[in-house]
Amino acid sequence: MPPPKGTDILLEARNVSAMITPSMPNIPIIVLELEDGREFTLYNVPFEIVEALNKIERQKDEPSMPGLRETIFDVLIDMKGFFEELGKRLEYVVIDEIDYNTYLYTAKASFNLGGIYMMRRMVPSHAIFLARLFEKPIYVSKRLVDEQESFEEEEH
């Protein structure tokens, strides 16, 4: 079920890329390619999320490197079958809020609990991880995309 129509126009993410920027300083980012052809970028996301999103995209188990410590995200990916109920309940993720004091975005994950809907405010990178793990749609407020573009234009 798509998000309810509100005051925000929502753009669906068609693709998710997670990477470390190649130039210094190397910053972990998530880039959402949106249905209108634009991109929405989340900067300074946890490195572990970048690794986990790339592991989901590879869709194959790769042996752990000797001595490598795994994260909770690796465990969730590897034990996805145990969390199927969570995946069935998750409907979508929407990034539609920013705190202008901290410039931190907030995402909301919508869960259907048998006709009762629960919204959980989440760290966007974590919400994106859940959506990708369970192949659920991700939306971004057009207003936030427009604001991010305006900010980037002002910097140049």
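These numbers come from a predicted model, not from an experiment.

J.: What is the right way to read the packing of helix α1 (residues 47-58) against helix α4 (residues 124-133) from this model?
T.: Pairs of packed helices are described in terms of their axes, by the angle between the two and the distance that separates them. It is at 10 Å that the axes of α1 and α4 come closest, and there the two elements cross at 15 degrees. When the axis of α1 is compared with that of α4, the two are roughly parallel. Of the two elements, α1 crosses α4, and the hand of that crossing is left-handed. Along the contact surface, α1 presents I49, A52, L53, I56 and E57, while α4 presents S125, H126, I128, F129, R132 and L133.

J.: I tried to follow the pattern of salt bridges on my own but got confused; where do I start?
T.: Side-chain pairs of opposite charge can arise where the charged atoms are in close proximity. This structure, assessed with the given rule, holds 14 salt bridges. Among the ionic pairs, K108 bridges to D96, the shortest N-O distance being 2.7 Å. Here the residue K108 occupies a position in strand β5 (residues 104-112), and D96 occupies one in strand β4 (residues 90-99), the gap between them amounting to 12 residues. We note that K108, like D96, is buried. A single salt-bridge network, built from bridges that share partners, covers D36, R38, K142, D146 and E149.

Conventions and cut-offs
Residues numbered from 1 in each chain as written. Predicted model: local features only at pLDDT ≥ 70, side-chain atom pairs only at ≥ 80, totals over all residues. Heavy atoms only, no water. Axes fitted to C-alpha atoms, helices over the stretch in contact; angles between N-to-C directions. Helix = DSSP H or I, 4+ residues; strand = E, 2+ residues; numbered from the N terminus. Parallel < 35°, antiparallel > 145°, perpendicular 65-115°, else oblique. Left-handed = near helix turned anticlockwise from the far one by under 90°. Contact = heavy atoms within 4.5 Å. Salt bridge = Lys/Arg side-chain N within 4 Å of Asp/Glu carboxyl O. Buried < 20%, exposed > 50% of the residue type's maximum accessible area, 1.4 Å probe, protein only.

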